[in-house]
Amino acid sequence: MKVSCASCIKTFNIPDEKLPMGKKVSFPCPNCREKITLDLRIKPSDEDPDLIEKPAPARSDPKTDIGSRALKEKILRKLGDLPAMPQVVLKARQVMADPNSGVRDVVKVIETDQAITTKILKIANSAFYGMSGKISSIHHASVILGYNVIGELITLASSSGLLDRVLKGYGLGAGDLWLHSMSVAIGSRLIAARKNPALEETSFSAGLIHDAGKLVLDKYVLERKEDFDEFMEHGRETFMSAEQHIFGFNHAEFGFDVCKHWKIPDDISVAINHHHTPAKSSGIELAYIIYAADAIVNMAGAMAKMGGIGASIENLMYMIDERAMKFLGLNEADIGTIMGDIKESVGKMAGELGAG
Ligand SMILES: [Fe+2]
Ligand SMILES: [Fe+2]
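The shown structure was predicted, so the numbers you read here are calculated from the model rather than taken from an experiment.

So, the coordination of the iron ion (ligand 2)
Then step 1. Distances from the iron ion (ligand 2) to its protein donors, namely H180 (NE2), H210 (NE2), D211 (OD) and D294 (OD), fall within the range 2.2 to 2.4 Å.
Then step 2. Metal-centred angles of 78 to 170 degrees between the four donor atoms at the iron ion (ligand 2) mark the site as irregular.
Then step 3. The distance between the iron ion (ligand 2) and the iron ion (ligand 1) is 3.5 Å, with D211 acting as a donor to both metals. Here H180 is found in helix 7 (residues 176-195), whereas its partner D211 is found in the loop between helix 8 (200-208) and helix 9 (212-223), with 31 residues between them in sequence. One exposure class covers both H180 and D211, and it is buried.

Overview of the side chain of H180
Then step 1. Of the residues examined, H180 reaches a relative accessible area of 17% and is grouped as buried.
Then step 2. Ignoring any residue separated from it by four or fewer positions in sequence, one finds H180 in contact with H210, D211, D294, V297 and N298.

Topic: the coordination of the iron ion (ligand 1)
Ideal geometry at a metal gives 109.5 degrees between four tetrahedral donors and either 90 or 180 degrees between six octahedral ones.
Then step 1. Donor atoms from the polypeptide that coordinate the iron ion (ligand 1) comprise D211 (OD), H251 (NE2), H275 (NE2) and H276 (NE2), at 2.2 Å from the metal.
Then step 2. Classification of the site at the iron ion (ligand 1) rests on its four donor atoms, whose angles at the metal span 85 to 174 degrees, yielding the label irregular.
Then step 3. Each donor residue of the iron ion (ligand 1) lies on one chain, and together they are spaced D-x39-H-x23-H-H.
Then step 4. Take H276: its relative accessible area is 29%, and that puts it in the partly exposed class.

A look at a positive patch on the surface
Then step 1. A contiguous patch of positive charge, built from K74, R77, K78 and K219, is present on the exposed surface.
Then step 2. By secondary structure assignment, the location of R77 is in helix 1 (residues 65-77).
Then step 3. Its relative accessible area of 65% is what places R77 among the exposed residues.

Some words on the pattern of salt bridges
Then step 1. Evaluation of the coordinates by the stated rule reveals eight salt bridges.
Then step 2. Linking R224 and E223 is a salt bridge whose minimum nitrogen-to-oxygen distance equals 3.3 Å.
Then step 3. The salt bridge partner of D321 is R323, with a shortest N-O separation of 2.8 Å.
Then step 4. D321 sits in the partly exposed class, given a relative accessible area of 26%.
Then step 5. By relative accessible area, which is 55% here, R323 ends up exposed.

Structural notes on the nonpolar core
Then step 1. With 102 residues, the main nonpolar core has W262 and I320 as its most contacted residues.
Then step 2. When residues are assigned to domains, this core turns out to be shared by domain 2 (69-83 + 164-356) and domain 3 (86-163), each giving three or more.
Then step 3. Look past the residues within four positions of I320 in its chain and what remains in contact with it is Y291, A292, A295, I296, M299, M325 and I335.

What counts and what doesn't
- Residues numbered from 1 in each chain as written.
- Chains lettered and ligands numbered in written order.
- Predicted model: local features only at pLDDT ≥ 70, side-chain atom pairs only at ≥ 80, totals over all residues.
- Heavy atoms only, no water.
- Donors = N, O, S within 2.8 Å, 3.2 Å for Na, K, Ca; no water.
- Tetrahedral: all angles 85-135°; square planar, octahedral: opposite > 155°, others 65-115°.
- Helix = DSSP H or I, 4+ residues; strand = E, 2+ residues; numbered from the N terminus.
- Buried < 20%, exposed > 50% of the residue type's maximum accessible area, 1.4 Å probe, protein only.
- Contact = heavy atoms within 4.5 Å.
- Patch = residues over 30% accessible without salt bridge, like charges linked within 9 Å, V, L, I, M, F, W, Y side chains within 5 Å.
- Areas by Shrake-Rupley, 256 points an atom, 1.4 Å probe, with all protein chains shown as cover.
- Salt bridge = Lys/Arg side-chain N within 4 Å of Asp/Glu carboxyl O.
- Lys, Arg positive; Asp, Glu negative; His and termini not counted.
- Charge placed at Lys NZ, Arg CZ, Asp CG, Glu CD.
- Core = buried A, V, L, I, M, F, W, Y, C linked by side-chain atoms within 4.5 Å.
- Domains from an automatic or database assignment.

Written out as structure tokens, the structure reads:
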């Protein structure tokens, strides 16, 4: 049966055998999460007007360029409120980027900071890396897990506490952003492994902090909660378009500024800038990778919420841009495999570590 959401007007197919004929059912729209109700007590036809409600009237009145720039500057001045990246992390990244330095140099830098060292060892010994209790030092971790994984461990150790924050404006509870970010990081690495293995570790780090812009914007979303609720009232608009409409910029663009503040390498910050609009990135592979991982994680979330009704990848393929699929050489079966692998890895990581 073809079902259209009254709010976002997306249409998707639900196999008839999955529908409880003869009953009235409700489930969240996989796209906008508004409630869809189907009355299956009378068999409806595809053209049933109740299933294809009229879209809500479009809204206009975007903020002016001047207002938007002034607000962005105001928020940028407050960036200092966000904890700085620990010095040791910046230094370790610098050393890793220097082709003349080696493992010993990086290890020496990291070991000057006891807190980061402890965190890295805890993560390295998690089931995620399959090394439970076997890694006793940073040097040992670099030998066993590989030099490149040290970069990944540094990003994890330094961002986990931040990503655990409650983001009231975005409706995210403690640990929600951390779980989403971990899932996107793992998904990004899996996609990179297929498309360009040289990008695996960078993809993981970029995936982990892709929504960092939300950490800063949350306060301002909360201050304008009514505007956001009103803009998204009919479920036709996404949070991202609400940001664009109300702020004049979005969390992806602002993520670029947060990355700059944290002195994150340019390849990552530029990709984060385009993680919702990879087609506008002039072919930046990393932007496509994070975009696709984010979409797959959101598809998995939608499937879980639908609780079985119409919850198949086939029905949710509209959530991922075809051009991105083509660019990355992914097909529907790959999406299913990646989704399953993300779930398995996140289970291993989240259970043992959490954030903090
Ligand atoms: Fe995002
Ligand atoms: Fe995201």
